[in-house]
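# Inside the fold
Listed below, chain by chain, are the residues.
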Amino acid sequence: MTAPTTAPTGAAAPVRRPSTVGLVVLLGAMAALGAVTIDLYLPSLPEVAVDLGTTEARTQLTITGVLVGSALGQLVVGPLSDAFGRRRPAAAGFVVYVVATLLCAIAPNLPTLVAFRVLSGVGASAGAVIGMAVIRDLFTGPAASRLQSRLVLVIGVAPLLAPSVGGAIAARTGWRPVLALLAVAGLGVLLAVWRKLPETRPELRDTAGQARAEGGQTPVTPPRRQRVLRTFTGYGALLRDRRFLALAVMPGLAMATIMAYVSTSVFVLQDGFGLTGTGFAIYFAVNGTALIGGTQVNAAVVERFGSARLLRVGVLAALVFGLALTASLLARTDQLLLFAVPLYLLLLSLGLIMPNAVTLALEPYGDSAGAAAALVTALQSGVGGLVGVLVGVLGGDEHATGVVIGAAVVLNLVLLLSVRRSTRPSVRS
């Protein structure tokens, strides 16, 4: 569904938008690269620990590094995309990603590998933040939430297969070719961005159209330095908006829940529940369908119920299933079913939280969508990265995972209550 566009009399016709399907596939490929960077590499963690002579707990820093780098990169890329448009910062980010990932493949020790993984996270950050900003440029309300949900469908396909592919490659050739494959994937996304990503920044798009209408005379625009400073100072308004901050943190806590599971899953499931490498990959893929399923339910019903109501349903469901999962983990049960069922339902619930919280957070910030999207996605990556460290500090086992998940779902409820008046169903998003 595409919002209608009109052009003033005498002005150039607006830029034609790409089909929704094509746009979702393109933005999904851009955003999925960050997730694949983690999931394709995840089965290699035990081998990395052996090859580089370190512990399994320390190798989790190579996961955390991607998330921290992504958080830092997004805070820079978002405002730059407001100042210079969406295309050029996206292309620059993926160039950084390709180079950094190739350097990861030849890293001689763990500190070097972690450093280059941070840099690869910086490069990959362009995909998530610019994809979110492009959606806000073109869509609002339920249409934006529905597109965010469809985006998760595309993003989720690659991580479903990534652990199986990564595990097979690592078993045959070692972990370094896995990173080389990621560099190839990044190059493919870079080429797609260069050829297919439309410029959706309204101010720049309108300027280009006006220039054509006036016979090629480009209107006067603010100096480059002034544009950059203006977009970065937009963070001040965002940080003063309590409603925005509460809604922006909620997807971060949802990501914290996911990362608490992901960062310890290979050890908990294989060591704790005795799954083989193949069994782990299958189980990981099955859980991936939960998050995808939740977002697709959201896409199907958001027009009827609205983002605010579905956000509340998601938070309350996540609280129930998250606490049930926490109880299972703290009890150190050896029954996989008692772990698997609440985890699956929790991930399903997160599929209602993430797209609706993002849509409600970005709604008032069309003029600074890049900066607003950057803050949302940076919080997701940053909180996820800190969770990886916290889980390691707490012991890196099922006990630590349970504590973090329980805290995340409770905090999300607290944030929901803090903005309940501004997210009533009558205020349609």
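Residues numbered from 1 in each chain as written. Predicted model: local features only at pLDDT ≥ 70, side-chain atom pairs only at ≥ 80, totals over all residues. Heavy atoms only, no water.

## Overview of the environment of Ala 35
Tracing the backbone shows Ala 35 in helix α1 (residues 20-39). Sequence separation between Ala 35 and Ala 124 is 89 residues; the distance between their C-alpha atoms is 9.2 Å. (Helix = DSSP H or I, 4+ residues; strand = E, 2+ residues; numbered from the N terminus.)

## Overview of helix α4 (residues 61-84)
The end-to-end C-alpha distance of α4, which contains 24 residues, comes to 33 Å, matching closely the 34 Å that a straight helix rising 1.5 Å per residue would cover. At Gln 74, α4 shows its largest kink, close to 30 degrees. Burial within α4 is extensive, with 18 of its 24 residues counted as buried. Backbone geometry just downstream of α4 places Gly 85 in the positive-phi region, at approximately 95 degrees. (Expected span 1.5 Å × (residues − 1). Bend = angle between axes of the 7 residues up to and from the residue. Buried < 20%, exposed > 50% of the residue type's maximum accessible area, 1.4 Å probe, protein only.)

## What about the packing of helix α13 (residues 307-330) against helix α14 (residues 336-362)?
The description of two packed helices rests on the angle between their axes and on the distance between the axes. Where α13 meets α14, the closest approach of the two axes is 7 Å, and the angle between their N-to-C directions is 150 degrees. Of the possible angle classes, the one that applies to α13 and α14 is roughly antiparallel. Where α13 crosses over α14, the handedness of that crossing is left-handed. Partitioned by chemical class, the residues of the contact of α13 with α14 number 22 nonpolar, 7 polar and no charged. (Axes fitted to C-alpha atoms, helices over the stretch in contact; angles between N-to-C directions. Parallel < 35°, antiparallel > 145°, perpendicular 65-115°, else oblique. Left-handed = near helix turned anticlockwise from the far one by under 90°. Nonpolar A, V, L, I, M, F, W, Y, C, P; charged D, E, K, R; others polar.)

## Some points on the pattern of salt bridges
Here the structure, examined in full by the defined rule, presents 4 salt bridges. Notably, a salt bridge pairs Arg 86 with Asp 137, separated by 2.8 Å at the nearest N-O pair. Taken as a pair, Arg 86 in the loop between α4 and α5 (87-105) and Asp 137 in helix α6 (residues 110-138) lie far apart in primary sequence, 51 residues in all. Taken as a pair, Arg 86 and Asp 137 share a single burial class, namely buried. Two residues, Arg 146 and Glu 303, come together in a salt bridge whose shortest N-O distance is 3.2 Å. With a gap of 157 residues between them, Arg 146 in helix α7 (residues 141-173) and Glu 303 in helix α12 (residues 277-305) connect regions that are remote in the sequence. One continuous salt-bridge network, built from bridges that share partners, spans Asp 82, Arg 86 and Asp 137. (Salt bridge = Lys/Arg side-chain N within 4 Å of Asp/Glu carboxyl O.)

## Focus on a nonpolar patch on the surface
Residues Leu 161, Val 165, Leu 181 and Val 184 make up a contiguous nonpolar surface patch of about 340 Å² in total accessible area. Elements that contribute at least two residues to the nonpolar patch include exactly α7 and α8 (176-196). On the basis of relative accessibility, which here comes to 37%, the residue Val 165 falls in the partly exposed class. (Patch = residues over 30% accessible without salt bridge, like charges linked within 9 Å, V, L, I, M, F, W, Y side chains within 5 Å. Areas by Shrake-Rupley, 256 points an atom, 1.4 Å probe, with all protein chains shown as cover.)

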